[in-house]
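The primary structure of each chain is shown beneath.
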Amino acid sequence: MLAIDNGFEAIDALYREAEQALHEAETVHHELSVPSVNQLRYAGRHVLSALVGADAAAAEEEKQRAQRHCQRAIYDAFDGITSYLLESIADFKADYARIEITPHFPRYHETLEKARNARDLLIKARTVSDDRHRYYTDCRKAARELKSCHDAMELAREELNKAIKNRNRVVYFAWAGIVVALIGVAATVLVSK
């Protein structure tokens, strides 16, 4: 059995973290994060190159590359989670645009703020294309915070749906009252002629 030195232990820890991030991504949006899987595949290639490398400097560079790919895999998984949650929050806003949300979901504005911050982080990270691995810890934190708010938001749907039904009922009776009043006015006009 090969003895693993500290450089490989760090890669192993990041690789495990990336696998966990992939699992979280699959749990949130029920799809495999292909970019993350590809990054882990690249990391594996660099680990093998480091193990069979001819000199210590080349092996060290391969280990660094493997670490960056693991970090990028983590970033990509949480990028996917965040993108999915942002889309879901946009759908939520559209679903309940006609009623007041905060009485039924007091954390609504906090959720919107976290969504805006997460979106801004993704935009920032995506503009540095080759250096996204630097944002893996920030992306993980933002995605987990947004997930927590999103879960609370989804729990509020039941009460919000009740509020929509009540609103629709009020609107229906208001229109029905107007129609009855118009019929009464028309009948009065016809009878008085």
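As a reminder, the structure under discussion sits directly above these lines.
All of these numbers come straight from a predicted model, not from anything done at the bench.

### Quick look at the overall build of the chain
- When its secondary structure is counted, the chain shows five helices and zero strands.
- Across the chain, helices and strands are ordered from the amino to the carboxyl terminus as α-α-α-α-α.
- In terms of overall size, the chain is more extended than a compact globule, its C-alpha atoms giving a radius of gyration of 27 Å where 193 residues would be expected to give roughly 16 Å.
- Classification of the 193 residues of the chain by burial places 36% in the buried group.
- Here the contacts in the chain between residues at least 6 apart in sequence split such that 78% fall between residues at least 24 apart.
- For the chain, the exposed area adds up to about 12,000 Å²; of that, 56% sits on carbon and sulfur atoms.
- One way to put it: in the chain the 27 positive side-chain charges average out to a point 8 Å from where the 29 negative ones average out.

### Concerning the layout of surface pockets
- Considered as a void within the structure, the second largest pocket measures approximately 160 Å³ in volume.
- Leu 86, Ile 89, Ala 90, Lys 93, Leu 112, Ala 115, Arg 116 and Arg 119 together form the lining of the second largest pocket.
- Elements that contribute at least two residues to the lining of the second largest pocket include exactly helix H3 (56-95) and helix H4 (108-126).

### What to know about helix H2 (residues 34-52)
- Between the first and last C-alpha of H2 there are 27 Å, a value that for 19 residues agrees with the 27 Å anticipated at 1.5 Å per step.
- Taken together, the buried positions of H2 are occupied by Ser 36, Gln 39, Leu 40, Ala 43, His 46, Val 47 and Ala 50. The buried residues of H2 occupy an angular sector of 120° when projected down its axis, which confines them to one face. Summarising the geometry of H2, the exposed residues directed more than 90 degrees from the buried face are Arg 41 and Val 52.

### Thoughts on the packing of H3 against H4
- Between H3 and H4, the shortest axis-to-axis distance is 10 Å and the interhelical angle comes to 140°. One finds that H3 runs oblique with respect to H4. Here H3 runs over H4; the crossing is left-handed. Listed contacts from H4 to Tyr 75, Asp 79, Thr 82, Ser 83, Leu 86, Ile 89, Phe 92 and Lys 93 of H3 are Tyr 108, Thr 111, Leu 112, Ala 115, Ala 118, Arg 119, Leu 122, Ala 125 and Arg 126.
- Taken together, the residues of the contact of H3 with H4 sort by class into 10 nonpolar, three polar and four charged.

### Looking at H4
- The first and last C-alpha atoms of H4 sit 27 Å apart over 19 residues, in line with the 27 Å expected at 1.5 Å per residue.
- By the burial criterion, the buried members of H4 are Tyr 108, Thr 111, Leu 112, Ala 115, Ala 118, Leu 121, Leu 122 and Ala 125.

### Points about unusual backbone geometry
- Of note in this structure, His 30 is not a glycine but carries a positive phi near 55°.
- Relative to the helices and strands, His 30 is located in the loop between helix H1 (6-29) and H2.
- The class for His 30 is exposed, based on a relative accessible area of 66%.

The rules behind these values
Residues numbered from 1 in each chain as written. Predicted model: local features only at pLDDT ≥ 70, side-chain atom pairs only at ≥ 80, totals over all residues. Heavy atoms only, no water. Helix = DSSP H or I, 4+ residues; strand = E, 2+ residues; numbered from the N terminus. Rg over C-alpha atoms; globule rule 2.2 N^0.38 Å. Buried < 20%, exposed > 50% of the residue type's maximum accessible area, 1.4 Å probe, protein only. Contact = heavy atoms within 4.5 Å. Areas by Shrake-Rupley, 256 points an atom, 1.4 Å probe, with all protein chains shown as cover. Lys, Arg positive; Asp, Glu negative; His and termini not counted. Charge placed at Lys NZ, Arg CZ, Asp CG, Glu CD. 1 Å grid on protein atoms, 1.4 Å probe; cavity = no way out; pocket = protein on both sides within 12 Å on 5 of 7 lines; lining within 4 Å. Points joined across faces, edges and corners; volume = space filled by probe spheres on them. Expected span 1.5 Å × (residues − 1). Arc of directions from axis to C-beta. Axes fitted to C-alpha atoms, helices over the stretch in contact; angles between N-to-C directions. Parallel < 35°, antiparallel > 145°, perpendicular 65-115°, else oblique. Left-handed = near helix turned anticlockwise from the far one by under 90°. Nonpolar A, V, L, I, M, F, W, Y, C, P; charged D, E, K, R; others polar.

By themselves, these figures tell us nothing about what the structure is for.
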